[in-house]
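Each chain is listed here by its residues.
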Amino acid sequence: MTMQKKLMSSTSMPLKVVAMVLEGKGGVGKSVSNQAATAALALDGSRVHVAESDLTYSTVEMIHGAGQTTLVDADAVDLEGYLYDLAERAAAGEFEHVALDTGARDEVNFRPFVAEYSKEIFAKFGMRLCVIRPVTLSHFVQSNVLTFVKECKTDEMGVVILRNLSQGRTVAHFKQWEDTESTKALLRTPGVELCDLR
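Residues numbered from 1 in each chain as written. Predicted model: local features only at pLDDT ≥ 70, side-chain atom pairs only at ≥ 80, totals over all residues. Heavy atoms only, no water.

Pairing of side chains with opposite charge becomes possible as their charged atoms draw close. Using the criterion set out here, one finds 15 salt bridges in the structure. One salt bridge connects Glu 96 with Arg 47, and the closest N-O pair in it is separated by 2.5 Å. With a gap of 49 residues between them, Glu 96 in the loop between helix 4 (79-91) and strand 4 (97-101) and Arg 47 in the loop between helix 2 (30-42) and strand 2 (48-52) connect regions that are remote in the sequence. Under the relative-accessibility criterion, Arg 47 is labelled partly exposed at 42%. Between Glu 107 and Arg 133 there is a salt bridge, with the nearest N and O atoms lying 3.0 Å from each other. (Salt bridge = Lys/Arg side-chain N within 4 Å of Asp/Glu carboxyl O. Helix = DSSP H or I, 4+ residues; strand = E, 2+ residues; numbered from the N terminus. Buried < 20%, exposed > 50% of the residue type's maximum accessible area, 1.4 Å probe, protein only.)

Right, here's the structure in full:
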């Protein structure tokens with residue numbers, strides 16, 4: 001299944017998606033994941049608003065102006081108000097989807113509230129929050145993915161786990177992690193999808 005289908009899975013109605021890339025460790029491919037999500041959401045000609053709280057501007061540079069781009073200082077802005085504004089703008093037809101790249105240090109700002117944002121903001125505007133969790137061979141990152149789904153995933157929210165297959169990694173490298181009972185249970189969770197980032 002393609003990333004576009006995975007981002008929009010588990011619904012039969014037209015859907016506006018907020019793809020939020022979230023991982024507390026740097027260097028796992030968050031910005032590249034955001035770029036892939038942006039491209040996937042735009043495949044059918046949809047307009048994607050690209051926002052970034054990663055102050056290194058990495059996604060902004062990769063996207064090269066392909067859509068509207070905003071930089072958000074997650075420490076200085078009212079995140080709930082900002083996300084509500086994005087949802088209102090999407091509902092008004094300014095764009096169909098949002099791709100939000102968060103910096104590693106910003107997980108602490110977003111994670112405690114993703115369930116609330118999903119239900120109380122995005123769902124009310126006919127949008128679905130899809131949290132993208134890049135996963136590498138790091139046990140820390142793998143544990144973060146499991147903990148996030150266990151503690152934060154709601155029925156209104158989708159989660160796409162992206163196996164980062166860059167730097168010579170292959171699907172076989174992830175086999176040990178995927179064969180654990182906790183990972184098997186994670187992948188059986190409704191609304192959780194596994195996808196490859198090449």
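Additional details are given in the paragraphs that follow.
The next thing to look at is the sheet that holds strand 3 (residues 69-71). Pairing in this open sheet of seven strands is parallel, and the strands run 3-2-4-1-5-6-7 from one edge to the other. The open sheet has two free edges, formed respectively by strand 3 and strand 7 (192-197), since each of these has just one partner strand. Along the sheet, successive strands turn relative to each other by an average axial angle of 20°, direction set aside. One ladder, built from six bridges, connects strand 6 (residues 158-164) with strand 7; its direction is parallel. When the sheet's bridge partners are listed, Ile 161 is paired in strand 7 with Leu 194. Sheet strands in contact with helix 2 are strand 1 (16-21), strand 2, strand 4, strand 5 (127-135), strand 6 and strand 7, and its direction is about 175° off that of strand 4. (Pairing = 2+ DSSP bridges. Axes fitted to C-alpha atoms, helices over the stretch in contact; angles between N-to-C directions. Contact = heavy atoms within 4.5 Å.)

As a further point, take helix 4. Its 13 residues give helix 4 an end-to-end C-alpha distance of 18 Å, which sits within 8% of 18 Å, the value for a rise of 1.5 Å per residue. Remark: Gly 93 follows helix 4 within two positions and exhibits a positive phi of approximately 95°. (Expected span 1.5 Å × (residues − 1).)

It is worth spelling out the packing of helix 7 (residues 139-152) against helix 9 (residues 181-188) at this point. It is the contact of helix 7 with helix 9, at a shortest axis distance of 11 Å, that shows an interaxial angle of 45°. Compared by their axis directions, helix 7 and helix 9 come out oblique. Between helix 7 and helix 9 lies a crossing of left-handed hand. Across the interface between the two elements, Val 145, Leu 146 and Val 149 from helix 7 touch Ser 182, Thr 183 and Leu 186 from helix 9. For the contact of helix 7 with helix 9, the per-class residue count stands at four nonpolar, two polar and no charged. (Parallel < 35°, antiparallel > 145°, perpendicular 65-115°, else oblique. Left-handed = near helix turned anticlockwise from the far one by under 90°. Nonpolar A, V, L, I, M, F, W, Y, C, P; charged D, E, K, R; others polar.)

Any link to function would need more than the numbers given here.
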